[in-house]
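One-letter residues, chain by chain:
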Amino acid sequence: MESKKINLDMKKYGMILAMIAIFIVFNILSGGKNATPMNINNLVMQNGYVVILATGMLLCTLTGNIDLGVGSIVALTGAICAIMVLDYNIPVPVAFLIVIVVGLLCGMFAGFFIAFLDIPPFIVTLATMLMGRGLTYVALKAQTKGPLPNSYTMVGAGYLPTINIGTSDAPVDLLSILVAAVASVFIILSEFKSYRTKRKYGFDVNPLWQIAIKDAVILAILWFFMIKLATYRGMPIVLLLMAIIVGIYHFITTKTVAGRHIYALGGNAKAARLSGINTRKVFFWVYTNMGLLSAIAGIVLSARNASATPKAGDGFEMDAIASCYIGGAATSGGIGTIIGAVVGALIMGILNNGMSLIGWSTDIQKVVKGLVLLGAVTVDLVSKRKK
Amino acid sequence: MSDVILEMNHITKEFSGVKALDDINLKVKRGEIHALCGENGAGKSTLMNILSGVYPYGSYSGEIVYNGEVCRFRNIKDSESKGIVIIHQELALSPYLSIAENVFIGNEIAKSGVINWTKTMQKAREMLTIVGLENENLNVPVGSLGVGKQQLIEIVKALAKKVDLLILDEPTSALNDEESKHLLDIILQLKKKGITCILISHKLNEISYVADTITIIRDGKTIETLEKGKDDISEDRIIRGMVGREITNRYPPRDCKIGDVIFEVKNWNVYHPEDEHKRVIKDVSFYVRAGEVVGFAGLMGAGRTELAMSLFGRAYGQKISGQIFKNGKELHLKTVSDAIKNKIAYVSEDRKNHGLILIDDIKHNISLAALRDYFSERGVINQYEEILSANEYKKKIGIKAKTVEQQVGALSGGNQQKVVLAKWMVTEPDILILDEPTRGIDVGAKYEVHCIINDLAKAGKGIIFISSEMPEIIGMCDRVYILNEGEIIGELTKEELSQEKIMKYIISHQGRRKHNGK
């Protein structure tokens with residue numbers, strides 16, 4: 001019994017350990033280059049949109065499906081936003097709002113066919129992928145649109161205000177450190193609270209040393225990140241956006257009725273329906289939500305590039321899908337976590353970044369990513385089968 | 001010694017440290033029908049899987065002597081080449097392939113990979129005659145046949161493999177009484193042709209009907225072997241061996257006051273979901289009183305499940321008309337969640353596909369239907385309450401599991417059924433529709449489920465009880481409606497109830513319909 005529990009925890013945190021291991025391997029291969037403050041900053045900047053997309057994609061994979069249209073919606077929303085700002089002089093915040101609504105509408109479009117007409121999601125999103133890409137080319141007349149103003153690019157390339165307590169050559173941002181401190185206190189307190197509530201209700205609790213190790217690892221990662229960021233240019237706005245989105249969706253999937261309904265639908269749709277769950281509604285909102293997050297990713301990506309291009313977001317859907325499966329989601333649905341998907345996205349990001357640093361070509365990078373995906377899912381499924 | 005076809009000696013098999021089989025011995029005589037009895041999880045299927053090579057030699061200890069020679073099967077092909085064929089509980093037919101194709105699947109009549117269709121058809125026709133299906137069109141896809149016929153096709157498939165020892169794992173679990181009888185008669189015919197048969201079944205009347213020898217297994221051990229003509233093989237005797245104690249009363253007595261009418265259905269009509277001209281339920285009216293267990297008897301396909309599901313928030317059918325009253329007030333249930341809100345629960349006949357999320361754990365399954373109303377506040381789940389209530393029900397109705405975190409898919413059938421019952425009990429319903437609540441679960445668990453039903457009735461709930469097992473209907477119900485082809489054709493009170501009476505109603509109704517049809 002006891003050993004089984006530890007195994008379960010190992011499985012849960014195995015991906016985090018794998019991520020740390022991959023990071024260390026590239027740290028050695030690149031002679032420490034991947035741990036420089038600038039590179040850590042790049043990691044966040046480069047992978048923000050994948051993390052955002054992976055959180056939305058996880059909900060799709062929980063239903064046992066995927067959304068192939070994501071990359072095209074990213075491109076389309078980015079293009080529309082850039083056109084509104086540059087050609088029609090619409091204020092940036094208004095343009096953002098409009099484009100988020102556009103994303104929602106794109107999601108509703110797919111959701112309508114999937115949920116209410118029972119068209120397989122694979123087909124519907126294959127169609128939105130083609131349509132979205134085509135419309136992007138039409139909207140941009142196959143040209144790149146830019147450069148975008150500062151108020152726009154802030155979202156993808158900007159930083160939160162900093163309070164420098166170091167020197168101008170070796171800056172140290174107090175705000176980043178304060179955020180890390182507050183987050184640490186929050187993590188420890190919530191762990192303590194959950195421990196106490198469990199005791200109060202008389203449930204089994206994991207041994208304290210296990211909790212301690214788990215929290216130590218999480219805190220170490222947190223501080224490592226934040227100190228690196230503090231000694232570069234502070235916290236990127238993308239980081240804040242990512243943290244908020246991941247936090248919200250983690251809460252939804254683990255703590256709310258709506259989240260549980262998605263798991264139930266993926267686990268057994270018929271049983272879910274006979275338990276009073278409106279499975280059509282669940283499907284509809286899952287895909288609508290994917291449209292929303294695609295629009296946010298579209299804004300972030302165009303902001304980071306300071307322009308909108310027709311080819312933007314090409315293949316993002318595959319990165320997001322791969323992140324979910326690397327992070328332990330089941331292709332049949334009903335299994336997977338937001339944290340898993342985020343770790344999956346980070347593993348892909350660390351791999352990409354590390355391989356670039358040691359000078360491997362993007363062609364080889366694709367091969368390695370493919371192998372990692374195959375390996376992660378194989379290990380997951382084979383180990384489950386043994387049980 | 002030559003009359004013994006199979007001996008399995010000292011078979012022991014472990015699953016990750018847990019002994020599923022513990023030194024089991026089985027001796028089967030040539031040409032007999034040998035029944036294997038035991039509660040769910042006693043190890044019957046495991047033993048047969050070892051015999052047929054599903055669990056290869058080396059994964060267990062002990063020896064198999066077949067036709068006087070020691071056998072070490074590495075896979076199913078090995079055992080089949082010796083003439084041992086197993087038919088599993090779940091049908092292994094390919095629904096879109098034709099009857100002929102299915103009969104010879106994996107065993108095609110072919111020369112260098114090219115199928116000889118003339119010969120295939122000829123042989124298939126020949127063999128279908130044995131099971132009385134000579135009039136079936138060989139080119140029809142198997143999926144379009146009823147379960148009873150599909151089960152017969154499975155037997156034909158086994159016969160095509162030159163079978164000497166046929167193993168049937170609960171062949172009648174999905175069949176109605178008539179189909180079951182037909183199947184058992186075919187097994188008796190096969191016996192005359194010299195085929196030895198091992199039969200696993202929960203239905204003790206079937207075992208008494210066909211078996212020559214009965215081996216009883218309990219907790220992975222051989223308890224005893226009974227022989228027809230030598231030992232007492234009455235149902236009570238077999239049950240005593242299976243559960244290790246005498247169940248003096250197979251249906252627990254219920255002593256409760258029946259109150260006023262709490263649920264009433266008037267002129268209920270339902271059309272088939274895919275065919276708007278086909279009326280599945282015809283003008284059905286009935287009522288249930290508080291504390292009353294009302295049975296619905298009928299043949300397979302009589303429309304009982306369709307009626308139940310259409311009442312449960314229109315989960316089945318289209319163009320539904322009629323009225324539902326609860327405590328005298330008319331209800332308009334448009335969705336399942338309406339039904340749940342109005343304190344109606346439906347326990348599906350198909351717990352694996354319609355009742356449970358097998359990949360999820362016990363606590364999440366139990367809370368699922370009550371999540372919104374009992375376990376959450378403004379959409380946020382109280383996970384602690386969830387665990388508490390799961391533990392409460394685990395104790396209350398005896399779900400055998402280590403913790404409520406255990407995956408439901410890993411539980412035995414009886415325990416899964418208890419999880420489904422718990423899931424609906426937490427919604428605190430006034431009306432419970434139980435559709436075949438004891439299907440495929442063993443005698444002990446059945447008794448426990450019956451006790452749960454009695455407790456619910458005692459608490460003043462109205463219970464609609466659907467079962468294909470007549471003795472169960474008669475043993476459990478206060479009043480029974482007889483349903484045939486979507487119509488209520490009779491109503492019997494507890495005093496009037498008997499199997500003969502129910503059958504008489506059905507047969508005379510069917511006869512009348514045929515007469516009118518012509």
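As the structure is a computational prediction, the values presented were derived from the model and not from experiment. (Residues numbered from 1 in each chain as written. Chains lettered and ligands numbered in written order. Predicted model: local features only at pLDDT ≥ 70, side-chain atom pairs only at ≥ 80, totals over all residues.)

A. Fine view of the overall build of chain B. The helix and strand tally for chain B stands at 18 helices and 24 strands. Taking 2.2 N^0.38 as the reference for a compact globule, 518 residues should give roughly 24 Å; the C-alpha atoms of chain B span a radius of gyration of 25 Å, in line with that estimate. C-alpha atoms of chain B, sized along the principal axes, occupy 70 × 60 × 45 Å. Relative to its 518 residues, chain B shows a buried fraction of 45%. When contacts within chain B are restricted to residue pairs at least 6 apart in sequence, those whose partners lie at least 24 apart make up 70%. (Helix = DSSP H or I, 4+ residues; strand = E, 2+ residues; numbered from the N terminus. Rg over C-alpha atoms; globule rule 2.2 N^0.38 Å. Buried ≥ 20, exposed ≤ 12 C-beta atoms within 10 Å, placed from the backbone. Contact = placed C-beta atoms within 7 Å.)

B. Expanded view of the packing of helix α6 (residues 150–157) of chain A against helix α12 (residues 279–305) of chain A. Residue and element names in this part refer to chain A. Running from amino to carboxyl end, α6 crosses α12 at an angle of 110 degrees, the nearest separation of the two axes being 7 Å. Overall, the two elements α6 and α12 adopt an arrangement that is roughly perpendicular. From α6, Tyr152, Thr153, Met154, Val155, Gly156 and Ala157 reach across to α12, where they touch Ile299, Val300, Leu301, Ala303 and Arg304. Here the residues of the contact of α6 with α12 sort into eight nonpolar, two polar and one charged. (Axes fitted to C-alpha atoms, helices over the stretch in contact; angles between N-to-C directions. Parallel < 35°, antiparallel > 145°, perpendicular 65-115°, else oblique. Nonpolar A, V, L, I, M, F, W, Y, C, P; charged D, E, K, R; others polar.)

C. Layout of the domain arrangement of chain B. All names here are of chain B. What the domain assignment lists for chain B is domain 1 (4–243) and domain 2 (261–343 + 429–517). Inter-centroid distance (C-alpha atoms) of domain 1 to domain 2 is 34 Å. Counting residues at the interface gives eight residues for domain 1 and nine residues for domain 2. Residue classes in the side of domain 1 that touches domain 2 are distributed as three nonpolar, four polar and one charged. (Domains from an automatic or database assignment.)

D. Structural context of the pairing of strand β13 (residues 261–272) of chain B. Residue and element names in this part refer to chain B. In the sheet, β13 pairs with strand β14 (residues 275–289) via eight bridges, with the strands oriented antiparallel. Bridge assignment links His272 to a residue of β14, and that residue is Asp275. Connecting β13 to the next strand, β14, in antiparallel fashion are two residues. Both β13 and strand β16 (residues 318–326) contribute to a ladder of six bridges, which runs antiparallel. Along β16, the bridge assignment pairs Tyr271 with Gln318. (Pairing = 2+ DSSP bridges.)

E. Focus on the interface of chain B and chain A. Across the boundary between the two partners, chain B contributes 26 residues, which contact 20 residues of chain A. Broken down by secondary-structure element, the contributors of at least two residues to the side of chain B that touches chain A are α10 (336–341), α11 (351–355), α13 (371–374), β20 (380–381) and α14 (383–396) of chain B.

F. How the structure looks around helix α14 (residues 338–357) of chain A. Residues and elements named next belong to chain A. Compared with an ideal rise of 1.5 Å per residue, which puts 20 residues at 28 Å, α14 spans 28 Å between its outermost C-alpha atoms and is within 8% of the ideal. For α14, the tally of buried residues reaches 18 of 20 residues, placing the bulk of the element in the interior. One or two steps after α14, the chain reaches Gly359, where phi turns positive at roughly 85 degrees. (Expected span 1.5 Å × (residues − 1).)

G. Molecular detail of the sheet that holds strand β18 (residues 344–347) of chain B. Residues and elements named next belong to chain B. Read across the sheet, six strands follow the order β18-β21-β22-β15-β23-β24 without closing on themselves; strand pairing throughout is mixed. Edge strands, defined here as strands with exactly one partner in the open sheet, are β18 and β24 (487–493). With direction set aside, neighbouring strand axes in the sheet form an average angle of 20 degrees. Here four bridges tie strand β15 (residues 293–297) to strand β22 (residues 462–466), and the two strands are oriented parallel to one another. Residue Val293 lies in a different strand from β22, and its bridge partner there is Ile463. Seen against the sheet, helix α16 (residues 443–458) touches β15, β21 (431–435) and β22 and runs at an angle of roughly 150 degrees to β22.

H. Up close: α16 of chain B. Residue and element names in this part refer to chain B. Between its first and last C-alpha atoms α16 spans 23 Å; for 16 residues at 1.5 Å apiece the expected length is 22 Å, and the two agree. Looking at the buried positions of α16, the neighbouring elements they touch are α8 (235–243), β15, α15 (413–425), β21, β22 and α17 (470–476). Gly460 sits one or two residues past α16 and shows a positive phi near 90 degrees.

I. Broad picture of the environment of Ile350 of chain A. Residues and elements named next belong to chain A. For Ile350, the position within the fold is in helix α14. For Ile350, a count of 20 C-beta atoms within 10 Å gives the class buried. Not counting residues up to four positions away in its chain, the partners in contact with Ile350 are Met19, Ile22, Phe23, Phe26 and Leu43.

J. Quick peek at the packing of helix α2 (residues 37–62) of chain A against helix α9 (residues 237–255) of chain A. Residue and element names in this part refer to chain A. Relative to each other, α2 and α9 sit at 20 degrees, their axes nearing to 10 Å. By the criterion of interaxial angle, the relationship of α2 to α9 is roughly parallel. For the pair α2 and α9, the sense of crossing is left-handed. Contact residues: Val44, Met45, Gly48, Val51, Ile52 and Thr55 in α2; Val238, Leu239, Leu241, Met242, Ile245, Val246 and Tyr249 in α9. Classifying every residue of the contact of α2 with α9 gives eleven nonpolar, two polar and no charged. (Left-handed = near helix turned anticlockwise from the far one by under 90°.)

K. Region of interest: the sheet that holds β14 of chain B. All names here are of chain B. The strand order across the open sheet built from four strands is β14-β13-β16-β17, with neighbouring strands paired in antiparallel fashion. Whereas interior strands pair on both sides, the edge strands pair on one side only; in this sheet they are β14 and β17 (329–331). Strand-to-strand twist in this sheet, taken as the mean axis angle between neighbours without regard to direction, amounts to 15 degrees. Strands β13, β14 and β16 of the sheet are contacted by helix α9 (residues 304–311), whose axis makes an angle of about 80 degrees with β14.

L. Representation of the domain arrangement of chain A within the structure. Residue and element names in this part refer to chain A. As far as domains go, chain A holds domain 1 (35–158 + 237–386) and domain 2 (159–235). Averaged C-alpha coordinates put domain 1 and domain 2 at centres separated by 27 Å. In this complex, domain 1 contributes eight residues to the contact, which on the side of domain 2 involves nine residues. Per element, the largest residue contribution to the side of domain 1 that touches domain 2 is four residues, and it comes from α2. Residue composition of the side of domain 1 that touches domain 2, by class: six nonpolar, two polar and no charged.

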